Amino acid sequence: MTHRVPTRALPTHSSPARPGPAPEAGQSRSMALASRLGPLHAALDLVLTRTCAACDLPGEVICAACRQDLAALALGELGRVAPQPVPAGWPGCTGTVSYAGVAARLVRAFKDGDRRDLARPLGRLLADAVRREVTSVPFAPDRRTVRVVPIPSSPAAVRQRGDRPTVLLAREVTRALGPAVRLTPVLGMARGTADQAGLDRSGRQANLRAAMSVGRAQVVRGHDCVLVDDVLTSGATLAEGRRALLEAGAAHVGMAVCAVTPRRFPARDLPLPGPTD
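Read on for an overview of the structure. (Residues numbered from 1 in each chain as written. Predicted model: local features only at pLDDT ≥ 70, side-chain atom pairs only at ≥ 80, totals over all residues. Heavy atoms only, no water.)

On to the overall build of the protein. In terms of helices and strands, the protein carries nine helices and seven strands. In the protein, the proportion of contacts linking residues at least 24 apart, taken out of those at least 6 apart, comes to 75%. (Helix = DSSP H or I, 4+ residues; strand = E, 2+ residues; numbered from the N terminus. Contact = heavy atoms within 4.5 Å.)

Opposite charge on two side chains permits them to pair, given that their charged atoms come into close proximity. Enumeration over the complete set of coordinates arrives at 10 salt bridges. Residue Glu133 pairs with Arg80 through a salt bridge whose shortest N-O separation is 3.3 Å. Of this pair, Glu133 sits in helix H4 (residues 119-134) while Arg80 sits in the loop between helix H2 (64-72) and strand E1 (97-98), placing them 53 residues apart in sequence. In terms of burial, Glu133 and Arg80 fall into one category: buried. The closest approach of N and O atoms between Arg243 and Glu240, which form a salt bridge, is 2.6 Å. Of the two residues, Arg243 and Glu240 both sit in helix H9 (residues 236-247), three residues apart, roughly one turn of that helix. Three or more residues joined by partner-sharing salt bridges are found here, namely Arg120, Glu172 and Arg175. (Salt bridge = Lys/Arg side-chain N within 4 Å of Asp/Glu carboxyl O. Buried < 20%, exposed > 50% of the residue type's maximum accessible area, 1.4 Å probe, protein only.)

Our focus in this paragraph is the state of the cysteines. On inspection of all chains with the given rule, the structure shows zero disulfides. Here Cys52 is not cross-linked by a disulfide; its sulfur's nearest cysteine counterpart is in Cys55, at 3.6 Å. Given the relative accessible area of 0%, Cys52 is considered buried. (Disulfide = S-S within 2.5 Å.)

The next thing to look at is the nonpolar core. The biggest cluster of nonpolar side chains holds 37 residues, and the ones touching the most others in it are Leu106, Leu118, Leu122, Leu126 and Val228. Broken down by element, this core gets its largest block of residues, seven residues, from H4. The contacts of Leu126, once residues within four sequence positions are left out, are Leu169, Ala170, Val173, Val228, Asp229, Ala256, Val257 and Cys258. Counting 26 residues, the second-largest nonpolar core is a separate cluster that includes Cys93, Val186, Ala248 and Val257. (Core = buried A, V, L, I, M, F, W, Y, C linked by side-chain atoms within 4.5 Å.)

How two helices pack is summed up by the angle between their axes together with the distance between the axes. Relative orientation of the contacting elements H4 and helix H6 (residues 165-177) amounts to 65°, with a least axis distance of 8 Å. Between H4 and H6 the crossing geometry is right-handed. Listed contacts from H6 to Ala119, Arg120, Leu122, Gly123, Arg124, Leu126, Ala127, Val130 and Arg131 of H4 are Leu168, Leu169, Ala170, Glu172, Val173, Arg175, Ala176 and Leu177. Looking at the contact of H4 with H6, its residues break down into 11 nonpolar, one polar and five charged. (Axes fitted to C-alpha atoms, helices over the stretch in contact; angles between N-to-C directions. Left-handed = near helix turned anticlockwise from the far one by under 90°. Nonpolar A, V, L, I, M, F, W, Y, C, P; charged D, E, K, R; others polar.)

The relative placement of two aromatic rings is captured by the distance of their centres and the angle of their planes. Inspection of the entire model under this criterion finds zero aromatic pairs. One Lys or Arg, Arg116, reaches over the ring of Phe110 and ends 5.2 Å from the middle of that ring. (Phe/Tyr/Trp six-rings, centres within 6.5 Å; stacked < 30°, edge-to-face > 60°. Lys NZ or Arg CZ within 6 Å of the ring centre and 35° of its normal.)

What follows covers the environment of Gly123. Secondary-structure assignment places Gly123 in helix H4. With sequence-adjacent residues up to four places away left out, Gly123 is seen in contact with Leu118, Leu169, Glu172 and Val173.

Our focus in this paragraph is the pairing of strand E6 (residues 224-232). Among the nine residues that make up E6, nine are buried, leaving the element largely enclosed by the rest of the structure. Relative to E6, strand E2 (residues 146-150) runs parallel, the two being bridged by four bridges. Considered in E6, the bridge of Val148 is made with Val226. Where E6 lies against strand E7 (residues 252-260), eight bridges are found, and the strand directions are parallel. (Pairing = 2+ DSSP bridges.)

A few words now on the sheet that holds E7. In any sheet, the strands associate via hydrogen bonds between backbone groups, in a parallel or an antiparallel arrangement. Read from one edge to the other, the open sheet built from five strands follows the order E1-E7-E6-E2-E3, with strand pairing classed as parallel. Because the sheet does not close on itself, it has two edges, and the strands there are E1 and strand E3 (181-183). Those strands touched by H6 are E2, E3, E6 and E7, and its axis lies near 150° from that of E3.

Attention now moves to H6. Compared with the 18 Å implied by 1.5 Å per residue over 13 residues, the 19 Å span of H6 between its first and last C-alpha is a close match. Among all positions in H6, only Pro165, Thr166, Val167, Leu169, Ala170, Glu172, Val173 and Thr174 are buried. Gly178 sits one or two residues past H6 and shows a positive phi near 80°. (Expected span 1.5 Å × (residues − 1).)

Here it is as structure tokens:
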């Protein structure tokens, strides 16, 4: 298709064009900076070629084939899920995809592979889970904006990564869902903990017992909250965050994740109902 560029009459020598108002100094500097950065960005694109975070194919952040594989990992159970065995008092947690294959590679690349360009696509997966959690009972439609509370990172992880990946995901949730939810990163670590990756279920629970606290209780007191994380495994991390929020006075605490560890969640064994329409 041929795009026509609109033209304007050019001034003649006999009829010189009247000069327009001079741009402000700040605008001139911005235009000059943009003109210099344009070639720089083009050069960087040549050097830093974007690749698929799951398969390294040059092009998109997630290539078409990997997007199809990711869609195939969508959970068959869209209601609340639970680890096996179910932790005491577990209210259920919504998730979007199974933590396997492409989904697992994307989450690992996002958290530990410096692929922060995955915040938006993974955040959309989390937003879908949060939306289903928010529209389910017992969230009260007459209460104020739902607080989206990200699971905190340990101080050591923040120093290593330079940021808090779960906060980045939660921010994308609020962008996707709009004013119905509000990012509220009030959970913090009250004490040091060991790396959860090398612990079994009982070890994870002991490691996280009374490990989190709410820095500003007034922000969540009397409000519905959704606690969010990237992956649901044993449930120990979410259970501890939920305990801290309830002790701080939250009215109700739901839970949502991007991905669910598949071997722990056979849908036929889930004792919890799905959300109501």
